[in-house]
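The chain contents come next:
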Amino acid sequence: MEAVGIFDEAAACYRELQDVITTRLEQLEGATPAFYPEAAAAPPPARFREDAWSGEQGGALGLKGGGRTRVLENGRIFERAGVNFSDVYGTFSPELARSLPGESREFRASGVSLVLHPRNPQVPTVHANFRVIRRGPADSIERMWFGGGADLTPYVLYPEDARHFHGVYREVAREHSAIVDWAQMKQACDEYFRLPHRNEARGVGGFFYDYRDQDPQAWLAFSRAAGAKFLDSYAPIVERRAGLAYGERERSFQLWRRGRYVEFNLIYDRGTLFGLRTGGRIESILMSLPPLVAWQYDFQPEPGGPEEELLNVLRFPVEWV
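Every value quoted in this text rests on a predicted model; they were computed, and no experiment measured them.

Side note on the overall build of the protein
Looking only at helices and strands, one finds 11 helices and nine strands in the protein. Here the protein has a C-alpha radius of gyration of 20 Å; the compact-globule value for 321 residues is 20 Å, and the two agree. Taking contacts inside the protein between residues at least 6 apart in sequence as the whole, the part at least 24 apart equals 71%. Surface exposure of the protein reaches about 14,200 Å², of which carbon and sulfur atoms provide 51%.

Here we look at helix α4 (residues 159–175)
Here α4 spans 25 Å end to end across 17 residues, near enough to the 24 Å set by a 1.5 Å rise per residue. Packing partners of the buried residues in α4 comprise β5 (125–135), β6 (143–153), α5 (182–192), β9 (205–212), α6 (216–228) and α7 (230–241).

Structural notes on the side chain of E26
Following the sequence through the fold, E26 ends up in helix α1 (residues 3–30). At a separation of 2.8 Å, a polar atom in the side chain of E26 contacts the main-chain amide nitrogen of F48. Not counting the four nearest positions on each side in its chain, E26 is found in contact with R47 and F48.

Things to note about the pattern of salt bridges
Scanning all chains against the criterion turns up 31 salt bridges. Of the charged contacts in the structure, one is a salt bridge between E50 and R70, with a shortest N-O distance of 2.7 Å. Residue E50 is found in strand β1 (residues 49–54), and its partner R70 is found in strand β2 (residues 64–73); the two are separated by 20 residues along the sequence. Residue E50 is classed as partly exposed on the basis of its relative accessible area, which comes to 39%. Put simply, E302 and R249 hold a salt bridge, and the shortest N to O gap is 3.6 Å. Within this pair, whereas E302 is found in the loop between α10 (282–285) and α11 (306–315), its partner R249 is found in helix α8 (residues 248–267), the two being separated by 53 residues in sequence. Overall, E302 belongs to the partly exposed group, its relative accessible area being 46%. Given a relative accessible area of 40%, R249 falls into the partly exposed group. Salt bridges here are not isolated pairs; linked through shared partners, they connect D19, E50, R68 and R70.

Things to note about the packing of α1 against α6
Viewed as axis vectors pointing N to C, α1 and α6 meet at an angle of 0°, and their least axial separation amounts to 11 Å. By the criterion of interaxial angle, the relationship of α1 to α6 is roughly parallel. Residue-level inspection shows I6, E9, A10, C13, Y14 and L17 of α1 in contact with α6, the latter providing P216, Q217, L220, S223, R224, G227 and A228. For the contact of α1 with α6, the class distribution of residues is eight nonpolar, three polar and two charged.

A closer look at the sheet that holds β9
Across the sheet, which stays open at both edges, the seven strands sit in the order β1-β2-β3-β4-β5-β6-β9 with antiparallel pairing between neighbours. With partners counted over all chains shown, the strands left at the sheet margins are β1 and β9, one partner each. Taking the axes of each pair of neighbouring strands and ignoring which way they run, one obtains an average angle of 5° across the sheet. Strands β3 (78–91), β4 (106–118), β5 and β6 of the sheet are contacted by α8, whose axis makes an angle of about 165° with β4.

Section: a nonpolar patch on the surface
Side chains of L266, I267, L276, I282 and L286 sit close together on the surface and give an oily, nonpolar patch of about 400 Å² of accessible area. Here L286 is to be found in the loop between α10 and α11. Assessed through its relative accessible area of 31%, L286 is described here as partly exposed.

Let's talk about the confidence of the model for the protein
Across the protein, pLDDT averages 91, with 95% of residues at or above 70. Mean pLDDT values over the elements of the protein span from 56, in helix α2 (residues 55–58), up to 98, in α4.

Calculation notes
Residues numbered from 1 in each chain as written. Predicted model: local features only at pLDDT ≥ 70, side-chain atom pairs only at ≥ 80, totals over all residues. Heavy atoms only, no water. Helix = DSSP H or I, 4+ residues; strand = E, 2+ residues; numbered from the N terminus. Rg over C-alpha atoms; globule rule 2.2 N^0.38 Å. Contact = heavy atoms within 4.5 Å. Areas by Shrake-Rupley, 256 points an atom, 1.4 Å probe, with all protein chains shown as cover. Expected span 1.5 Å × (residues − 1). Polar contact = N/O pair within 3.5 Å; in protein donor to acceptor, adjacent residues only side chain to side chain. Salt bridge = Lys/Arg side-chain N within 4 Å of Asp/Glu carboxyl O. Buried < 20%, exposed > 50% of the residue type's maximum accessible area, 1.4 Å probe, protein only. Axes fitted to C-alpha atoms, helices over the stretch in contact; angles between N-to-C directions. Parallel < 35°, antiparallel > 145°, perpendicular 65-115°, else oblique. Nonpolar A, V, L, I, M, F, W, Y, C, P; charged D, E, K, R; others polar. Pairing = 2+ DSSP bridges. Patch = residues over 30% accessible without salt bridge, like charges linked within 9 Å, V, L, I, M, F, W, Y side chains within 5 Å. pLDDT = per-residue confidence, 0-100.

Now the structure itself:
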């Protein structure tokens, strides 16, 4: 298949993946978890709001194309869940053009990106993204590459959850071992989702890859397979943890750790920076931020407590599987 056709197929795959994921998340949201012993006590389940947008609505720099932003807020399970699909094209700024592979300033980018912030601190936040970017005019491609990954950010450490999350994607990597090296992607995730100014990771990792431009058909196949496994990696964790009790201590720690999430997304995240530098739709770009967050001066965990246990893991990468 020619590169232009592969790009179109990838964009269609990401659009379909958005449908599959949001449908399943609404099913999770609609279930009555254990902390609502009587169905009548549960608030109405939240549903995704969809904003279909075009480049003309979405920003500056002559960006064209569009996408669908879906956001669920104030739900039973999710305080905010955002799942975004986009397929945009335009012209890189000279500065951004110099920082990416290739020469042409014309580009097209498509992908699906999600961040889910649960209400209960016992349930981890999760992020996943699958994308393809090409440089060159519309009828030809000078350079095209795939990127993506998924990572888990718990507020209470359950090692079995981290092992499950990593294990699902390790199996996908094994099925595509001709092009994929699990250890390399796991290490790339540990290195990428890290806050150097804090000397700690954002969470317990997962997998990450970028600028993969050899054998695009094979990378499309891996991207499709990994995206299809997202729900298998995360939904069982939600079902295990959403009914667990929590108090003010766990909630305060969750809001403090969300501050680290904000710091990473606004300072280091490539997807956020790419969207801002190409004039993307701001509401869609910043949907990844949690609705409530706190910064506490010089927080010190209680020695031997669960907060210290988690922070110790975040300072040193763990081989979960």
